[in-house]
Amino acid sequence: MFNIILFGPPGSGKGTQSERLISKYGFKHLSTGDLLRSEIAKQTPLGIEAKNFMDKGHLVPDEVVIGMISSALDNHPDAKGFLFDGFPRTEAQSQALDKLLKLKNTQIGVVLALDVTEEELVKRLLNRGLTSGRSDDTNEEIIRNRIVEYHKKTSAVADYYKQFDKVVYVKGEGSVDEIFDALCSEIDQRLS
Ligand code: AP5
Ligand code: MG
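All of these numbers come straight from a predicted model, not from anything done at the bench.

Moving on, we get to the packing of helix 6 (residues 118-129) against helix 7 (residues 140-162). Two quantities define a packed helix pair, namely the angle between the axes and the distance from one axis to the other. At their nearest, the axes of helix 6 and helix 7 sit 10 Å apart, and the two run at 135° to each other. Judged on the interaxial angle alone, helix 7 and helix 6 are oblique. The chirality of how helix 6 crosses helix 7 is right-handed. Along the contact surface, helix 6 presents Glu118, Glu119, Leu121, Val122, Leu125, Leu126 and Arg128, while helix 7 presents Glu140, Ile143, Arg144, Arg146, Ile147 and His151.

Okay, here's the thing in structure tokens:
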């Protein structure tokens, strides 16, 4: 089993590249953002709680997302590998994930970190907001809040995995194909 964290700030292309990676390698895609949006659409208590945080561009509490990931891992016992997108987002989530994977006798193989400038992130998200219907894409203030949360809490995730020498930075600007090729090359080196 080979597990990957696709890491990067909001708008860095995690969702776009995840779609391609799962179809090439057959990983099970676990995006906490997508899981939360699906809870919101179904108006579950978890979704209603999470929406208050997401609409402001703030992170949802650790225990909520860790619980969601724990059930998702249990629901896919036959997965040949997981691709984590948008998770972990705090050091506490990183530690919890390592514990959950250890219980399944597996671990994170690599953290692929997409590097994109802040101005490009804001431009992409404002542009996506024109059509996405995502409430956290609608104005620049909320988008900037998401980026502030990233610097305050999420960049620590890269530091956490650096101690195990697992982080590889990949340029996240350029064409979607170029970035995909760079990600595949990093994965292939580790799979072989
Ligand atoms: P989440 O859904 O994870 O969103 P995000 O991290 O803010 O990032 P996005 O999904 O907006 O961007 P992305 O990196 O996937 O880029 P994409 O491929 O879409 O989280 C949303 C919220 O949920 C959080 O704010 C938080 O409240 C909550 N949450 C989720 N997980 C949580 C957790 N673990 N803990 C606590 N709270 C959590 O691309 C963006 C745009 O750019 C698209 O329009 C795309 O077409 C375009 N694009 C992609 N690649 C390129 C390229 N190479 N060139 C030009 N444009 C490109
Ligand atoms: Mg995404």
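Okay, back to it.
What follows is about the packing of aromatic side chains. All chains considered together, the criterion is met by 6 aromatic pairs. For the pair Tyr25 and Phe27, a centre-to-centre distance of 5.4 Å together with 25° between the ring planes defines the contact as stacked. Judged by its relative accessible area of 9%, Tyr25 is buried. Note that Arg20 overlies the ring of Phe180, its terminal NZ or CZ placed 5.8 Å from the centroid.

Time to look at the site of ligand 1. The immediate surroundings of ligand 1 are formed by 30 residues, with Thr16, Thr32, His58, Arg89 and Arg128 found nearest. Between ligand 1 and Gly15 there is a distance of 2.9 Å, counted from an oxygen atom to a backbone nitrogen or oxygen. In this structure, a nitrogen atom belonging to ligand 1 sits 2.8 Å away from a side-chain N or O atom of Thr32. Computed on the free molecule, ligand 1 has an accessible area of 1000 Å², of which 87% lies beneath the protein chains in the complex. Counting only elements with at least two residues in the shell around ligand 1, the list comes to helix 1 (14-25), helix 2 (32-41), helix 6 and helix 8 (176-191). Per-element accounting of the shell around ligand 1 gives the leading share, 4 residues, to helix 2.

Thresholds applied
- Residues numbered from 1 in each chain as written.
- Chains lettered and ligands numbered in written order.
- Predicted model: local features only at pLDDT ≥ 70, side-chain atom pairs only at ≥ 80, totals over all residues.
- Heavy atoms only, no water.
- Axes fitted to C-alpha atoms, helices over the stretch in contact; angles between N-to-C directions.
- Helix = DSSP H or I, 4+ residues; strand = E, 2+ residues; numbered from the N terminus.
- Parallel < 35°, antiparallel > 145°, perpendicular 65-115°, else oblique.
- Left-handed = near helix turned anticlockwise from the far one by under 90°.
- Contact = heavy atoms within 4.5 Å.
- Phe/Tyr/Trp six-rings, centres within 6.5 Å; stacked < 30°, edge-to-face > 60°.
- Buried < 20%, exposed > 50% of the residue type's maximum accessible area, 1.4 Å probe, protein only.
- Lys NZ or Arg CZ within 6 Å of the ring centre and 35° of its normal.
- Near = heavy atom within 4 Å.
- Polar contact = N/O pair within 3.5 Å; in protein donor to acceptor, adjacent residues only side chain to side chain.
- Areas by Shrake-Rupley, 256 points an atom, 1.4 Å probe, with all protein chains shown as cover.

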